[in-house]
Amino acid sequence: MEKLRIGLIGLGTVGSGVYKSLQNFENVEIIKVAVRNLTKTRSVEVPTEKLTDNPYDVVNDSSIDVVVELMGGVEPAWDYIKTALENGKHIVTANKELLAKKGEELFNLSEKHNRVVLYEAAIAGGIPIIMPIKTILAGNKIHKIQAILNGTTNYILTKMDADGASYEDVLKEAQTLGYAETDPTGDVEGFDAAYKITTLATIAFNARAKFENVYREGITKIRKEDIQRANELGYKIKLIASATMDENNNADVRVHPMLVPKDNMLAHIDYVTNAVLITGHPIGSIVLSGPGAGEFPTASSVIGDILAIAREYKTTDYLLPMMRCHHHSVANPVKIEDTYNKYYLSITAPNAIGVIAKIGTICANKDISLSSILQKGVESDNTAEITVITEKCLERKIREVVSELEGCEVKSLIRVMEEG
Ligand code: NAP
Ligand code: HSE
């Protein structure tokens, strides 16, 4: 049997899982593995002659058929992938940042050289999502995606809810346990989820969404009080990556925390689990959920991609046509200020007559209808914490309300997911 010859760049969390798991397949052989540090102690034993600290040894090796990029980041990974494509190799990658920032160039280059780029692991780790959208859901017009795409932030929000703890305390604990990185910015500020939803929206809508147009807010400002109030009102707070497409090619793609009604499945996706809710026609709505990260779940997706190539390699001149990039149009971006949402506001106000009336009047003057307003007594410093949930209204208008609430402090402004 002729084996598919693999060159690996990166032998960290995902690379190690891939290396270990591929030992079970007879139709695939790992020829070379590039790492940064040749002397590092690893959980996997790789023969010394296969290891290199120069990724060009992998991408320029004429005997290698597929380059599996598992190092992450844009540069120098992009340079290695470009060289590999120019040298006629197929690509498998888990690199969501590269896909989000260089997707257009990457797929144009791969088509030019008639090579495939597969990236199942890049979006929700072990959850199969790219291949289902590209194949069995191909007959659908997908118009909405709502997803939990980042395990670190979902873990933090779940722990804050379960323990009644602050963001800072849970983050520290998550770092000690190894769930959150020492520099957690990419996760907690929503970059990771924004990279993933950029690519997911692009393939689901068949029109390119651009990363620079994706609105992004992280979870660093979520207070334990918000989580408690949300619970009382029938919601959980989750970092939601969402994308909607209208009939005029306008794509609203964003990542921000949301109050999710407890009767929505996404409210019950806890800890590091990820989930993707897809709505389209004729399928209706489906939810895919599972492990969004980790050594073996992520390796599962990488291996699936490698085996898909192995199955067709040398049987056709045009491999995996359904998995290729077919969108050549760019979606029109929708600015967050122009979107309509429901809002949760937590307002600290002086304990004075007419404060609630004033909030109501300012909202009414902006055509904003309130669906609930709650004050639980008075604080010891003679202030009141007032929680408001609005009906759907224009983001621009709610921002005007926040700036006009003189004498009051808006502690939190969080969007609310609609029921149903
Ligand atoms: P990681 O543990 O940090 O591993 C990165 C690997 O790349 C290491 O083996 C490192 O070498 C190697 N590397 C880095 N720079 C290099 C260079 N310039 N030349 C050669 N090798 C280099 O990262 P990871 O968590 O496995 O993530 C890899 C990719 O998968 C990223 O794109 C990430 O976003 C994506 N991803 C990760 C997960 C997950 O659960 N971790 C899930 C989905 C997607 P040394 O070992 O010598 O330092
Ligand atoms: N950092 C990501 C997360 C895992 O916390 O979900 C890699 O995609």
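Note that the structure is predicted; figures quoted are calculated from it, not measured.

With that out of the way, let us pick up the overall build of the protein. Counting its regular elements, the protein contains 14 helices and 18 strands. If one aligns the C-alpha atoms of the protein with their principal axes, the spans along those axes are about 80 × 50 × 30 Å. Across the 420 residues of the protein, 53% fall into the buried class. A sequence separation of at least 24 residues applies to 74% of the contacts in the protein between residues at least 6 apart. Side-chain charges in the protein split into 46 positive and 56 negative, and the spacing between the mean points of these groups amounts to 1 Å.

Okay, the nonpolar core next. Counting residues in each nonpolar core, the largest one holds 113 residues, and the members touching the most others are Ile-197, Leu-200 and Ile-306. Per-element accounting of this core gives the leading share, nine residues, to helix H10 (residues 191-205). Dropping the residues within four chain positions of it, Leu-200 is found in contact with Ile-123, Ile-129, Ile-130, Ile-133, Ile-145, Leu-149 and Val-276.

Looking now at the site of ligand 1. As a matter of local geometry, ligand 1 sits amid 22 residues, with Leu-11, Asn-37, Lys-40, Arg-42 and Gly-294 nearest to it. Lys-40 is positioned such that a nitrogen or oxygen atom in its side chain is 2.8 Å from an oxygen atom of ligand 1. Lys-96 is positioned with one of its side-chain polar atoms (N or O) 3.0 Å from an oxygen atom of ligand 1. Expressed as a share of its isolated accessible area of 900 Å², the protein-covered part of ligand 1 is 81%.

Moving on, we come to the sheet that holds strand E1 (residues 4-9). Overall, parallel pairing links the six strands, which are arranged E3-E2-E1-E4-E5-E6 in an open sheet. Either end of the sheet is taken by a strand with one partner, and the two such strands are strand E3 (51-52) and strand E6 (117-118). In this structure, strand E5 (residues 90-93) lies alongside E6, joined through two bridges in parallel fashion. For Val-92, the partnering residue across the bridge sits in E6 and is Leu-118.

Before going further, it helps to spend a moment on the domain arrangement of the protein. Note: interface size is frequently given as the accessible area lost on complex formation between the parts. By domain assignment, the protein separates into domain 1 (4-126 + 295-323), domain 2 (130-291) and domain 3 (336-416). Just the C-alpha atoms count here: the centres of domain 1 and domain 3 sit 50 Å apart.

Attention now moves to the environment of Ile-373. Among the structural elements, Ile-373 can be located in strand E15 (residues 370-375). Counting along the chain gives 17 residues from Ile-373 to Ile-356, while the straight-line C-alpha distance between them is 8.5 Å. Look past the residues within four positions of Ile-373 in its chain and what remains in contact with it is Ile-356, Ile-386, Thr-387 and Val-388.

A few words on the pattern of salt bridges. In the structure shown here, the tally under the stated rule is 26 salt bridges. Measuring nitrogen to oxygen at the nearest pair gives 2.5 Å for the salt bridge that ties Lys-314 to Glu-2. Of this pair, Lys-314 sits in the loop between helix H12 (295-312) and strand E13 (332-333) while Glu-2 sits in the segment before E1, and the two are 312 residues apart along the sequence. For Glu-2, a relative accessible area of 60% gives the class exposed.

Here we take up the packing of helix H3 (residues 77-86) against helix H4 (residues 96-112). Running from N to C, H3 and H4 cross one another at 15 degrees; their axes reach a closest spacing of 11 Å. Regarding the angle of H3 to H4, the classification is roughly parallel. Here the hand of the crossing between H3 and H4 comes out right-handed. Contacts from Ala-77, Trp-78, Ile-81, Lys-82, Leu-85 and Glu-86 of H3 reach H4 at Leu-98, Lys-102, Glu-105, Leu-106, Leu-109 and Ser-110. Among the residues forming the contact of H3 with H4, the class breakdown is seven nonpolar, one polar and four charged.

Here the focus is the site of ligand 2. Every residue close to ligand 2 is listed here: Lys-96, Asn-150, Gly-151, Thr-152, Asp-187, Asp-192, Lys-196 and Ala-293. Measuring from an oxygen atom of ligand 2, one finds a side-chain N or O atom of Lys-96 at 2.5 Å. Relative to its free-state accessible area of 260 Å², ligand 2 is covered by the protein chains to the extent of 79%. Elements with a minimum of two residues in the shell around ligand 2: helix H7 (151-163) and H10.

Turning our eyes to something else, we now look at H4. A maximum bend of about 85 degrees is found in H4 at Lys-102. Looking only at H4, the buried set comprises Leu-98, Leu-99, Ala-100, Lys-102, Gly-103, Leu-106, Phe-107, Leu-109 and Ser-110. Here the buried face of H4 lies against H3, E6, helix H5 (120-124) and H10. One or two positions beyond H4, positive phi appears at Asn-114, with a value near 50 degrees.

Scanning the entire structure with this criterion turns up five aromatic pairs. A centroid spacing of 5.1 Å and a plane angle of 85 degrees characterise the contact between Tyr-56 and Tyr-80, whose relative ring orientation is edge-to-face. Remark: Tyr-80 occurs in helix H3 and Tyr-56 occurs in helix H2 (residues 55-59); sequence separation between them is 24 residues. A relative accessible area of 29% places Tyr-56 in the partly exposed class. With a relative accessible area of 10%, Tyr-80 lands in the buried category. Through pairs of rings, three or more aromatic residues link up here, namely Tyr-155, Tyr-179 and Tyr-271. In this arrangement the basic side chain of Arg-324 is found over the ring face of Tyr-318, its NZ or CZ atom lying 3.7 Å from the centre.

Rules used in this analysis
- Residues numbered from 1 in each chain as written.
- Chains lettered and ligands numbered in written order.
- Predicted model: local features only at pLDDT ≥ 70, side-chain atom pairs only at ≥ 80, totals over all residues.
- Heavy atoms only, no water.
- Helix = DSSP H or I, 4+ residues; strand = E, 2+ residues; numbered from the N terminus.
- Buried < 20%, exposed > 50% of the residue type's maximum accessible area, 1.4 Å probe, protein only.
- Contact = heavy atoms within 4.5 Å.
- Lys, Arg positive; Asp, Glu negative; His and termini not counted.
- Charge placed at Lys NZ, Arg CZ, Asp CG, Glu CD.
- Core = buried A, V, L, I, M, F, W, Y, C linked by side-chain atoms within 4.5 Å.
- Near = heavy atom within 4 Å.
- Polar contact = N/O pair within 3.5 Å; in protein donor to acceptor, adjacent residues only side chain to side chain.
- Areas by Shrake-Rupley, 256 points an atom, 1.4 Å probe, with all protein chains shown as cover.
- Pairing = 2+ DSSP bridges.
- Domains from an automatic or database assignment.
- Salt bridge = Lys/Arg side-chain N within 4 Å of Asp/Glu carboxyl O.
- Axes fitted to C-alpha atoms, helices over the stretch in contact; angles between N-to-C directions.
- Parallel < 35°, antiparallel > 145°, perpendicular 65-115°, else oblique.
- Left-handed = near helix turned anticlockwise from the far one by under 90°.
- Nonpolar A, V, L, I, M, F, W, Y, C, P; charged D, E, K, R; others polar.
- Bend = angle between axes of the 7 residues up to and from the residue.
- Phe/Tyr/Trp six-rings, centres within 6.5 Å; stacked < 30°, edge-to-face > 60°.
- Lys NZ or Arg CZ within 6 Å of the ring centre and 35° of its normal.

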